[in-house]
Amino acid sequence: MSELKIAIQKSGRLSENSKKLLEECGIKFSNGISVLKTTAQNFPVEVLFLRDDDIPQYVEQQVADIGILGENMVYEKNKDVNIIEQLGFAQCRLSLAIPKEETYPGLGYFINKKVATSYPKILSDFFKKNKITAEIEEISGSVEIAPGIGLADAVCDIVSSGSTLLTNGLHEVETILKSQAVIIGNKNLSREKQEILTSFLFRIRAVKNAKENKYILLNAPESAIPKICSILPGMKSPTILPLVEKGWYSLHSVVKEDEFWIRINQLKEAGAEGILVIPIEKMIL
Ligand code: ATP
Ligand code: MG
């Protein structure tokens with residue numbers, strides 16, 4: 001039986017989360033420092049450890065069947081691959097930044113300016129679309145020091161908090177692209193590989209759903225139950241179990257992680273006591 005070849009970043013900002021995702025999907029593999037390729041022990045996949053820049057090309061050529069990398073790199077490399085699933089980690093944006101003492105009048109600022117970036121394709125597409133003629137200086141790393149050393153007037157770089165820009169005397173003026181980690185796939189997978197991919201995606205979604213939800217348990221008097229049920233939109237309806245103390249019940253349900261603080265206050269106001277919120281490991285809908 002053939003294996004699905006998954007390319008992940010060897011070392012960098014995506015590697016830990018990519019490995020964690022495979023582990024959370026129950027895929028076990030060894031990972032030594034000098035290992036470039038390994039076969040999983042309990043799932044038909046082979047993991048390749050590569051530079052993120054090379055992953056789109058390898059997936060297009062089917063050296064790897066699928067790959068995990070940032071959307072920014074997928075668009076920059078512009079290879080003929082499918083984006084299969086967004087993974088929710090490595091969230092960042094590709095932005096234009098200029099020296100912080102300069103005021104920004106709008107995109108016209110960049111006309112005839114020199115902009116340093118590691119993303120020449122995305123940037124030149126953006127300038128073309130907005131009819132800006134500017135010079136693009138391609139550099140492969142430490143882009144944010146370019147204005148400080150006189151190499152360029154501005155930069156186009158990956159930003160998450162913006163603190164690196166500030167430290168280098170720059171301020172962010174335009175967001176070109178929002179990015180997160182995604183799975184890309186070759187367009188001509190065999191039926192056998194497609195089946196392995198389907199079961200891998202099933203596991204990924206179970207892990208993602210679990211992360212987005214919490215299991216909640218609480219105690220309440222019988223009179224508060226209708227109100228509490230209307231606050232808790234569980235997977236179906238909440239489970240209600242009687243307590244030893246007469247007239248009191250335990251309610252169990254699932255709430256969305258991002259809603260749960262709002263719900264908790266509503267629940268307390270409705271008469272809930274002894275509220276427990278518990279992480280879910282896997283969730284299959
Ligand atoms: P490689 O050696 O594999 O070429 P790299 O140095 O090019 O690695 P990293 O800095 O590890 O790349 O970044 C990999 C990806 O992580 C980026 O393409 C981007 O999608 C995402 N990323 C980069 N910086 C951040 C950040 N500050 N916060 C969140 N995600 C980020
Ligand atoms: Mg890279």
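Everything that follows concerns the structure shown earlier in this document.
Predicted model, so just to flag it, every value in this text is computed and none were measured. (Residues numbered from 1 in each chain as written. Chains lettered and ligands numbered in written order. Predicted model: local features only at pLDDT ≥ 70, side-chain atom pairs only at ≥ 80, totals over all residues. Heavy atoms only, no water.)

Here we look at the nonpolar core
No. 1: Membership of the largest hydrophobic core comes to 57 residues, with the highest contact counts inside it found for Ile27, Leu96, Phe110 and Phe200.
No. 2: Counting residues per element, this core draws most heavily on helix H6 (residues 191–212), at six residues.
No. 3: Summarising the domain contributions, this core has at least three residues from each of domain 1 (4–88 + 180–210) and domain 2 (92–179).
No. 4: With 15 residues, the next largest nonpolar core counts Ile231, Leu232, Phe260 and Ile264 among its residues. (Core = buried A, V, L, I, M, F, W, Y, C linked by side-chain atoms within 4.5 Å. Buried < 20%, exposed > 50% of the residue type's maximum accessible area, 1.4 Å probe, protein only. Helix = DSSP H or I, 4+ residues; strand = E, 2+ residues; numbered from the N terminus. Domains from an automatic or database assignment.)

Describing the coordination of the magnesium ion (ligand 2)
No. 1: In the first shell of the magnesium ion (ligand 2), the protein supplies Asp52 (OD) and Asp53 (OD), at 2.0 to 2.1 Å from the metal.
No. 2: The exposure class assigned to Asp52 is buried, which follows from its relative accessible area of 17%. (Donors = N, O, S within 2.8 Å, 3.2 Å for Na, K, Ca; no water.)

Re the packing of aromatic side chains
No. 1: Inspection of the entire model under this criterion finds seven aromatic pairs.
No. 2: Arranged with centres 5.3 Å apart and planes meeting at 80°, the rings of Tyr109 and Phe110 form a pair that is edge-to-face.
No. 3: Exposure remark for Phe110: the relative accessible area of 0% places this residue in the buried category.
No. 4: When the centroid spacing of 6.1 Å and the interplanar angle of 50° are considered together, the rings of Phe126 and Phe127 count as tilted.
No. 5: Cation over ring: Lys113 sits above Tyr109, and NZ or CZ is 3.9 Å from the ring centre. (Phe/Tyr/Trp six-rings, centres within 6.5 Å; stacked < 30°, edge-to-face > 60°. Lys NZ or Arg CZ within 6 Å of the ring centre and 35° of its normal.)

Re the sheet that holds strand S3 (residues 45–50)
No. 1: Within the open sheet, the six strands sit side by side as S2-S3-S1-S4-S11-S5. Their pairing is mixed. Two strands bound the open sheet, and with one partner strand each, they are strand S2 (37–39) and strand S5 (82–86). In this sheet, adjacent strand axes meet at a mean angle of 25° when their direction is disregarded.
No. 2: Alignment of strand S1 (residues 4–9) against strand S4 (residues 66–70), held across two bridges, turns out to be parallel. In the strand pairing of S4, Ile6 is matched with Ile66.
No. 3: Here helix H1 (residues 15–24) sits on the sheet in contact with S1, S3 and S4, set at roughly 150° to S1.
No. 4: Where H6 meets the sheet, it contacts S1, S3, S4, S5 and strand S11 (181–185), and its direction lies at approximately 30° from that of S5. (Pairing = 2+ DSSP bridges. Axes fitted to C-alpha atoms, helices over the stretch in contact; angles between N-to-C directions. Contact = heavy atoms within 4.5 Å.)

Comments concerning the pattern of salt bridges
Any two side chains of opposite charge can pair, on the condition that their charged atoms come close.
No. 1: Inspection of the entire model under this criterion finds 15 salt bridges.
No. 2: With its nearest N and O atoms 3.4 Å apart, the salt bridge here joins Lys282 to Glu281.
No. 3: Assessed through its relative accessible area of 38%, Lys282 is described here as partly exposed.
No. 4: What you see here is one network of salt bridges that share partners, running through Glu85, Arg205 and Lys208. (Salt bridge = Lys/Arg side-chain N within 4 Å of Asp/Glu carboxyl O.)

Points about the site of ligand 1
No. 1: In the neighbourhood of ligand 1, 15 residues make up the surrounding shell, with Arg13, Arg51, Asp52, Asp53 and Asn72 lying closest.
No. 2: Asp53 is positioned such that a nitrogen or oxygen atom in its side chain is 2.7 Å from an oxygen atom of ligand 1.
No. 3: Here Ser160 contributes a side-chain N or O atom positioned 3.0 Å from a nitrogen atom of ligand 1.
No. 4: Alone, ligand 1 offers 640 Å² of accessible surface; in the complex the protein occludes 75% of this.
No. 5: Here ligand 1 occupies the largest pocket.
No. 6: Of the residues in the shell around ligand 1, the class split is five nonpolar, six polar and four charged.
No. 7: Here the shell around ligand 1 spans two domains, since at least three of its residues come from each of domain 1 (4–88 + 180–210) and domain 2 (92–179). (Near = heavy atom within 4 Å. Polar contact = N/O pair within 3.5 Å; in protein donor to acceptor, adjacent residues only side chain to side chain. Areas by Shrake-Rupley, 256 points an atom, 1.4 Å probe, with all protein chains shown as cover. 1 Å grid on protein atoms, 1.4 Å probe; cavity = no way out; pocket = protein on both sides within 12 Å on 5 of 7 lines; lining within 4 Å. Sits in = over half its atoms within 2 Å of the grid points. Nonpolar A, V, L, I, M, F, W, Y, C, P; charged D, E, K, R; others polar.)

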